[in-house]
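# Close look at the chain arrangement
Here is how the chains run, residue by residue.
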Amino acid sequence: MERFDQSPRPNMSDPAVQPSEPGVQPPMQPKRTLMEDAYRRLEEMIVTLEIAPGSVVSEAILSRSLNIGTTPIREALQRLGREHLVQILPRRGVVVTEVDVQQQLQVLEVRRELDRLIMRSAAQRASAAERGAFTGMAARMRAAVEAGDVRAFLRLDGEFNECAAAAARNPIAAETVAALHAVSRRFWFFHHRDLCDMPQTAELHIDAMRAIAAGDEQAAARGAERLIDQLVALAKSRLHQI
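About the cut-offs
Think of each chain on its own: its residues are numbered from 1, step by step along the sequence as written. Per-residue local features of the predicted model are confined to residues with pLDDT of at least 70, and side-chain atom pairs are confined, for both listing and counting, to 80 or more; whole-chain, interface and lining totals are unaffected and use all residues. Calculated side-chain values reflect all of the structure's heavy atoms, with hydrogen atoms and water omitted. Note on exposure labels: buried denotes an accessible area under 20% of the residue type's maximum, exposed denotes more than 50%, and partly exposed covers the range between, all computed with a 1.4 Å probe on protein chains only. A run of H or I in DSSP becomes a helix once it reaches four residues, and a run of E becomes a strand once it reaches two; helices and strands are each numbered from the N terminus. When we speak of the arc, we mean the arc of directions from the helix axis to the C-beta atoms. Contact criterion: two residues are considered in contact whenever any of their non-hydrogen atoms come within 4.5 Å of each other. Should DSSP find at least two bridges between two strands, the strands are taken to pair. For Phe, Tyr and Trp, rings pair up if their centres lie within 6.5 Å, where Trp contributes its six-membered ring, and each pair is then called stacked (planes under 30 degrees apart), edge-to-face (over 60) or tilted (otherwise). Counting as a charge over the ring demands two things of the Lys NZ or Arg CZ atom: a distance within 6 Å of the ring centre and an angle within 35 degrees of the ring normal. Each reported salt bridge corresponds to a side-chain nitrogen of Lys or Arg within 4 Å of a carboxyl oxygen of Asp or Glu. What pLDDT expresses is the predictor's confidence in each residue, scored from 0 to 100. Residues enter a nonpolar core if they are buried and are Ala, Val, Leu, Ile, Met, Phe, Trp, Tyr or Cys, with the set joined through side-chain atoms within 4.5 Å. Interaxial angles span 0 to 180 degrees and are taken between N-to-C directions of axes, which are lines fitted to C-alpha atoms, for helices over the stretch in contact.

For the rest of this paragraph, the subject is helix α2 (residues 59–66). Each α-helix winds once per 3.6 residues, and so residues spaced three or four apart point in a common direction. Every buried residue belonging to α2 is among Leu 62, Ser 63 and Leu 66, and all of these are buried. Axial view of α2: buried residues confined to an arc of 105°, hence all on one face. Among the structural elements, α1 (34–47), β1 (56–57) and α3 (70–82) are those in contact with the buried residues of α2. Looking one or two places after α2, you find Asn 67, whose phi comes out positive at around 60°.

Quick look at the pairing of strand β3 (residues 93–96) now. Residues of β3 alternate between two faces, with Val 94 and Val 96 buried on one and Gly 93 and Val 95 left unburied on the opposite face. Taken together, the two bridges between β1 and β3 define a ladder with antiparallel strand orientation. Paired with Val 56 across the strands is Val 95, a residue of β3. As judged from the four bridges shared by strand β2 (residues 86–89) and β3, these two strands associate in the antiparallel manner. Bridge pairing in β3 links Gln 87 to Val 95. Adjacent in sequence and paired antiparallel, β2 and β3 are bridged by three residues, among which Arg 91 carries a positive phi angle near 65°.

Further remarks concern the packing of aromatic side chains. This structure, assessed with the given rule, holds two aromatic pairs. Ring centres 6.1 Å apart and planes at 90° place the aromatic pair Phe 134 and Phe 160 in the edge-to-face group. Within this pair, whereas Phe 134 is found in helix α5 (residues 128–146), its partner Phe 160 is found in helix α6 (residues 150–167), the two being separated by 26 residues in sequence. Here Phe 134 and Phe 160 have matching classes, each one buried. Where Phe 153 meets Trp 188, the ring centres are 5.1 Å apart and the plane angle is 50°; that geometry is what we call tilted. Of the two residues, Phe 153 sits in helix α6 while Trp 188 sits in helix α7 (residues 171–195), which places them 35 residues apart along the sequence. Residue class for Trp 188 comes out buried when judged on its relative accessible area of 3%. Taking the ring centre of Tyr 39 as reference, the NZ or CZ of Arg 79 above it sits at 3.7 Å.

A few words on the pattern of salt bridges. What the rule picks out here adds up to 19 salt bridges. Note that Arg 79 and Glu 83 form a salt bridge whose closest N and O atoms lie 3.3 Å from each other. Of the two residues, Arg 79 and Glu 83, neither departs from the other in class, the shared state being buried. In this structure, the salt-bridge partner of Arg 111 is Asp 115, at a minimum N-O distance of 2.8 Å. Of this pair, Arg 111 and Asp 115 both sit in helix α4 (residues 101–125), four residues apart, which is roughly one turn of the helix. Overall, the relative accessible area of 6% leaves Asp 115 in the buried class. Each of Glu 36, Arg 40, Arg 79, Glu 83 and Glu 162 takes part in one network of salt bridges that share partners.

Below, the discussion takes up the confidence of the model for the chain. Mean pLDDT for the chain: 88, with 86% of residues reaching 70 or above. α7 is the least confidently modelled element of the chain, averaging 92 in pLDDT, while α4 averages 98, the highest of any element.

By size, the foremost hydrophobic cluster in this structure holds 69 residues, and its most contacted members are Leu 42, Phe 134, Phe 160 and Trp 188. The contact partners of Trp 188, leaving out residues within four places of it in the chain, are Val 150, Phe 153, Leu 154, Asp 197, Met 198, Thr 201, Leu 231 and Leu 234.

A word on unusual backbone geometry. The residue Leu 49 is not glycine, and still its phi comes out positive at about 70°. Note that Leu 49 resides in the loop between α1 and β1.

Glancing now at the side chain of Asp 157. With respect to the helices, strands and loops of the structure, Asp 157 is situated in helix α6. Accessibility expressed as a relative area gives 9% for Asp 157, which makes it buried. Dropping the residues within four chain positions of it, Asp 157 is found in contact with Met 141, Arg 185 and His 205.

Here the focus is the sheet that holds β3. On the basis of which strands lie adjacent, the open sheet formed by three strands has the order β1-β3-β2 and antiparallel pairing. The open sheet is flanked by β1 and β2, the only strands paired with a single partner. Along the sheet, α3 makes contact with β2 and β3, crossing β2 at roughly 115°.

If you want it as structure tokens, here you go:
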């Protein structure tokens, strides 16, 4: 099973790392746990279809493949279950869920409202350091697209979602939307080769990053809308395949 060189991404949706007051910079993120490491690696393997939809996986096999104990693997799978990427069947194992266009449309209906709130709030409440991070993130995403690096693009998409949620200073919104992003990324990856739309998708992300960095609340909210509009159009274009 292929190993990925994944740089750590902070769990910015975790309420424990959120400041108690708007405008207060988040504290330094603690070292990533084994569960978090297992989750990151398994999530990418599922999102990028290395572990295919419909696959049956076991804690023991994953533990040996990733060289991580079964307890962190079990906890990671439980989190992936909450994020609609696996289904845990008692006494039968763990099954990777299918890519489902109807589910994607339902997810996007919820994400539209939450993403708009989070992007607007992030533009309003981000610290100076966070604004600088969004500017740097935009440059890294452009470089990933120019290099044709889809995995780097997906990692940056996840990083953007988490950082925006942290900057929004709303742990309830962050926790709710965190369960929806990975399944959307998998849907996009599953279909992106048919559409060759990574550059367009990246530009929408970059515009939203820059709007947050500039503190432009309206532009950030519009950026969220445009991203969801594109994903909805992609999902609806797949309805004929059902």
